[in-house]
Each structure stands twice: as C-alpha cells, then as structure tokens.
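Residue-level structure breakdown
Chain by chain, the residues:
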Protein chains: 2
Amino acid sequence: MELLKDRIRREGVNLGHGILKVDSFINHQVDPALMLAVGGALAARFAHLGANKIVTAEISGIAPALTTALALGIPVVYARKTRPVTMHPNAMTVTAPSHTKGVMTELMISPEFLGPRDHVLIIDDFLARGETIRALATLVRRAGATLVGIGAVIEKRFEGGRAALADLGVPIESLAVITSMEHGRIVLED
Amino acid sequence: MELLKDRIRREGVNLGHGILKVDSFINHQVDPALMLAVGGALAARFAHLGANKIVTAEISGIAPALTTALALGIPVVYARKTRPVTMHPNAMTVTAPSHTKGVMTELMISPEFLGPRDHVLIIDDFLARGETIRALATLVRRAGATLVGIGAVIEKRFEGGRAALADLGVPIESLAVITSMEHGRIVLED
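Read on for an overview of the structure. One numbering rule holds for all chains: residues counted from 1, following each sequence as written. The order in which chains are written sets their letters, starting at A; the order in which ligands are written sets their numbers, starting at 1. Totals for whole chains, interfaces and linings use all residues, but because this is a predicted model, local features are given only for residues with pLDDT of at least 70 and pairs of side-chain atoms are given and counted only at 80 or more. The basis for every side-chain value is the complete set of heavy atoms in the structure, and neither hydrogens nor water enter the calculation.

**Observations regarding the interface of chain A and chain B**
Only heavy atoms matter for contacts: two residues are in contact if any of them lie within 4.5 Å across the pair. With 43 residues of chain A at the contact, the number on the chain B side is 43 residues. The quantity reported as buried area is the accessible area (1.4 Å probe) lost by two parts once they are put together, taken as the sum for both. At the boundary of chain A with chain B, total buried surface from both sides reaches about 3500 Å², with 66% on carbon and sulfur atoms. Three residues, His28(A), Ile59(A) and Thr86(A), lead the burial of chain A against chain B; their summed loss comes to 21% of the area buried on that side. Any Lys or Arg side-chain nitrogen found within 4 Å of a carboxyl oxygen on Asp or Glu counts as a salt bridge. Counting the contacts that link chain A with chain B gives two salt bridges.

**Section: the nonpolar core**
The biggest cluster of nonpolar side chains holds 68 residues, and the ones touching the most others in it are Leu4(A), Ile154(A), Leu4(B) and Ile154(B). Apart from the residues lying within four places of it in its own chain, the contact partners of Leu4(A) are Phe25(A), Ile26(A), Leu34(A), Val153(A), Leu175(A) and Ala176(A). For the purposes of this section, nonpolar cores are sets of buried Ala, Val, Leu, Ile, Met, Phe, Trp, Tyr and Cys residues that join through side-chain atoms within 4.5 Å. Type-normalised accessible area, obtained with a 1.4 Å probe on protein chains alone, sets the label of each residue: buried when under 20%, exposed when over 50%, and partly exposed for intermediate values.

**Observations regarding the packing of aromatic side chains**
Ring geometry is summarised as follows: Phe, Tyr and Trp rings, the Trp one being its six-membered ring, pair when their centres sit within 6.5 Å, and such pairs are stacked at plane angles under 30 degrees, edge-to-face over 60 and tilted between the two. Per the stated rule, a full pass over the model turns up zero aromatic pairs over all chains. Think of it as a cone above the ring: NZ of Lys or CZ of Arg counts as a charge over the ring if it is within 6 Å of the ring centre and within 35 degrees of the ring normal. Its guanidinium or amino end placed over the ring of Phe126(A), Lys156(A) lies 5.6 Å from that ring's centre, counting from NZ or CZ.

**What to know about the sheet that holds strand β4 (residues 53-57) of chain B**
With respect to topology, seven strands assemble into an open sheet ordered β3(A)-β5(B)-β4(B)-β8(B)-β9(B)-β10(B)-β11(B), the strand pairing being mixed. Strand pairing shows two members of the sheet lacking a second neighbour, β3 (29-30) of chain A together with β11 (187-188) of chain B, which therefore form its edges. Between any two strands, at least two bridges found by DSSP are needed for them to pair. Secondary structure elements are taken from DSSP: a helix is a run of H or I of four residues or more, a strand is a run of E of two residues or more, and numbering for both begins at the N terminus. Relative to strand β9 (residues 146-156) of chain B, strand β8 (residues 119-127) of chain B is paired through eight bridges, and the arrangement is parallel. Counted as the bridge partner of Leu127(B) is Glu155(B) from β9(B). Contacts between helix α1 (residues 2-11) of chain B and the sheet are confined to β9, β10 (172-180) and β11 of chain B, with β10(B) contributing the most and set at about 30° to the helix. Only C-alpha atoms enter the line fits that serve as axes; for helices the fit covers just the stretch in contact. Angles between N-to-C directions range over 0 to 180 degrees.

**Some thoughts on the packing of helix α3 (residues 32-46) of chain B against helix α4 (residues 62-72) of chain B**
All names here are of chain B. The interhelical angle for the contact between α3 and α4, taken along N-to-C directions, is 60°, at an axis separation of 7 Å. Taken together, the axis directions place α3 and α4 in an arrangement best described as oblique. Crossing angle aside, the handedness with which α3 passes α4 is right-handed. Counting all contacts with α3, which are made through Met-35, Leu-36, Val-38, Gly-39, Gly-40, Leu-42 and Ala-43, the residues of α4 involved are Ala-63, Pro-64, Thr-67, Thr-68, Leu-70, Ala-71 and Leu-72. Residues belonging to the contact of α3 with α4 are distributed by class as follows: 10 nonpolar, four polar and no charged. Relative orientations are named as follows: roughly parallel for angles under 35 degrees, roughly antiparallel for angles over 145 degrees, roughly perpendicular for angles from 65 to 115 degrees, and oblique for any other angle. Rotating anticlockwise by less than a right angle from the far helix to the near helix defines a left-handed crossing, while the corresponding clockwise rotation defines a right-handed one. Side-chain classes follow a simple rule in which Ala, Val, Leu, Ile, Met, Phe, Trp, Tyr, Cys and Pro form the nonpolar group, Asp, Glu, Lys and Arg form the charged group, and the remainder, Gly included, forms the polar group.

**Regarding the side chain of Thr105(B)**
Judged by its relative accessible area of 16%, Thr105(B) is buried. Every residue in contact with Thr105(B), bar those within four places of it in the chain, is listed here: Lys81(B), Val94(B), Thr95(B), Ala96(B) and Ser98(B).

**Digging into α3(B)**
Residues and elements named next belong to chain B. To estimate how far a helix should reach, multiply one less than its number of residues by 1.5 Å. Taking 1.5 Å per residue, 15 residues should reach 21 Å; α3 reaches 21 Å between its end C-alpha atoms and fits that length. Listed in full, the buried residues belonging to α3 are Pro-32, Leu-34, Met-35, Val-38, Gly-39, Leu-42, Ala-43 and Phe-46. We call two N or O atoms a polar contact when they sit within 3.5 Å, provided that within protein one can donate a hydrogen and the other can accept it, with sequence-adjacent residues counted only if both atoms are side-chain atoms. For α3, the side-chain oxygen to backbone nitrogen distance between the N-cap and Ala-33 is 3.0 Å, and the N-cap itself is Asp-31.

This is the structure we're talking about:
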C-alpha cells in the first residue's frame with residue numbers, strides 16, 4: 001500500500017533494537033483518512049473469506065480493526081488487557097509476552113462475543129514476532145470459533161512472526177513490509 | 001440520537017452501582033456502522049467550532065473519537081495510560097481517579113502532537129463524573145492548546161460530570177443521556 005509506505009518513509013523513526021516509531025499516524029496520533037484507507041485495503045484482501053467477526057487487541061489494534069470492520073460490515077471485538085467491571089466472569093484469558101514492556105500481558109475476551117459460529121479475521125497494527133496474534137488465535141480456538149485470516153498494518157518481517165504463525169494455516173496479509181532496520185535504516189519491501 | 005438510544009434500551013445492562021454495561025456495541029464488541037453514525041452525529045454538533053484536533057483517552061474513547069475525526073477530517077490523539085517505549089521523554093502527564101478500577105490512572109500525551117496552535121475537541125465514550133475528561137482538559141491546557149468542546153457518546157447525568165465541567169466554559173454534547181439507573185432501570189432522557 002503506497003500511501004502507507006510513503007508515510008512510513010516520511011514519518012517513521014527507527015529507535016533502534018527493531019523499534020519503529022509511527023506515533024504520528026498510528027500509535028498515539030491517528031490519521032483517520034489513512035486509517036480508513038488501511039481498513040479498506042485490508043478488507044479487500046480478506047473479503048472472499050466470509051469472516052463475520054474481527055478480533056483485535058487493545059490498544060493500537062482498535063483503529064485499523066475498526067476501519068476494516070467498517071469496510072466489511074461486520075463487528076469487531078477487542079481483547080481486553082485489564083478486566084473491566086462489566087466483563088463476564090467466565091471471560092477466556094490467555095497470556096502473551098510483551099517485549100516492548102518486558103512483562104507478560106493478559107488478553108481477555110468474553111464468551112458472549114466470540115463462539116463456535118464465528119469466522120474470525122484477526123487484525124492488528126503490527127506483525128512482529130507474532131506473539132500477540134498467536135495469543136488472539138488461541139482465544140479464537142478456545143471459543144470454538146474458526147480463524148480465517150490474519151492482517152497487519154505493518155509487518156517487521158525480520159522478526160519472524162509470519163513464519164512463526166504459518167502453522168495456523170490461514171492467509172497472512174500486511175500492507176507494508178519492513179525487511180530490515182539495521183544501521184538506523186528502515187528498509188521497506190517494494 | 002435515536003439509533004443509539006434504541007440500542008441502549010435493547011442491549012444495555014444495569015449492573016448496579018451506576019455501572020452501565022454496553023459491551024455488545026461499545027466497550028468490548030464494537031458495531032462499526034453504529035460507531036460511524038455516532039461519529040457523524042458528534043461531528044455535526046461541533047463542526048462550527050473549527051477544531052483541528054480531537055483528543056481522547058485510551059481505550060474505549062478511541063472508536064468514537066476516530067469516527068468523529070473521520071467526519072471532521074482532522075487527526076485524533078489518544079492519551080496513553082502506560083508509557084510506550086516510543087513515547088517522547090517529555091510527555092505531559094496527569095493523574096485521574098478511575099472509580100471503576102478503584103485506582104489512580106495516568107494519562108500521557110506527547111508535546112509532539114499537542115501544542116499552542118491546536119483547537120481541541122475532547123471526545124470520550126462516557127461522561128460520568130467527568131474526571132477523565134477533566135484530566136484530558138488539563139493536558140490540553142498544559143500543552144498551551146485551546147479547548148473548544150467536549151463530546152460523549154453516553155452521558156450519565158446523575159453522576160454530575162456536566163455540572164463539574166461547566167467551569168471549562170465550552171459546549172458539552174452527548175448523544176444519549178441517562179437520567180437515572182435506580183431500581184435496576186435505565187432511564188433515558190427523551
């Protein structure tokens with residue numbers, strides 16, 4: 001997606017240790033027009049799979065998941081990291097390591113909103129090592145739902161998430177692929 | 001906004017102690033079509049104020065803030081509750097009490113994305129006691145920006161947030177007003 005890649009080239013900052021700062025349009029400030037285009041592009045890649053629900057993780061997954069859901073006309077469920085007082089007592093919970101925070105994070109989804117009849121598309125902002133997406137896929141399986149695809153806005157291919165998730169046997173799509181962040185550069189796949 | 005009020009009547013759950021569960025369309029599962037309509041309705045109420053930026057708080061504020069931003073064609077900045085590794089070291093921080101969690105929460109915004117030239121509309125999912133919105137208004141002031149309006153999807157008027165925020169001197173709009181949740185009921189203002 002050229003619009004997105006141009007934006008990464010202009011505003012993305014390589015902070016070292018494989019950390020890409022895109023806070024000016026995705027992770028702190030959000031450009032809604034870009035995010036709408038991102039959702040449209042992700043939706044187009046998955047439209048043929050017949051998903052009836054999108055699953056994402058709070059916090060940064062919400063914006064691209066919402067615009068993809070809008071384009072597909074289906075609801076989105078965002079896994080919670082802290083248990084709200086309104087959450088169903090039987091919420092399904094998995095833990096996933098957060099490398100940027102150095103801690104284990106819980107992800108929770110209520111069985112009220114994910115079950116055996118659901119065909120699920122997982123959408124997140126980043127595909128890096130794939131650990132958050134793996135945790136979401138575990139929630140989908142535990143709910144008895146069917147995973148049909150995985151989409152990310154930005155993929156850091158050098159972190160190996162795509163290979164790590166290959167056993168899930170579903171299409172994995174990303175709109176901008178970064179192949180290297182060595183020596184302070186941000187190398188985007190053509 | 002009748003579409004929203006109908007949804008609250010059909011799916012809202014009074015959990016007692018003033019807690020309204022709207023997890024099936026706002027706080028855990030999100031209905032994107034409803035959220036787009038919510039954003040359009042909020043945008044219409046504030047279009048004349050010339051805001052150039054929306055400020056909200058993660059997590060549940062993101063969806064309505066994004067659709068309002070989309071309708072107004074301006075960016076949205078969501079205040080972070082935990083400091084990401086990508087965040088500017090000089091991020092502005094305020095603390096606000098979270099009654100549903102019984103703890104103090106930090107809200108942080110980077111000076112990269114909020115400054116003296118900004119005219120800001122604050123959007124959040126709920127207006128209850130107004131403490132989160134007050135904290136966001138403090139961040140706006142500290143950034144040297146100008147607050148022009150406050151919008152919420154659902155207002156729990158009996159919790160007094162509107163009166164508590166009156167000193168800010170800006171229009172406060174909400175799309176559904178709940179006047180009472182006593183005796184297990186959810187009373188919506190006509």
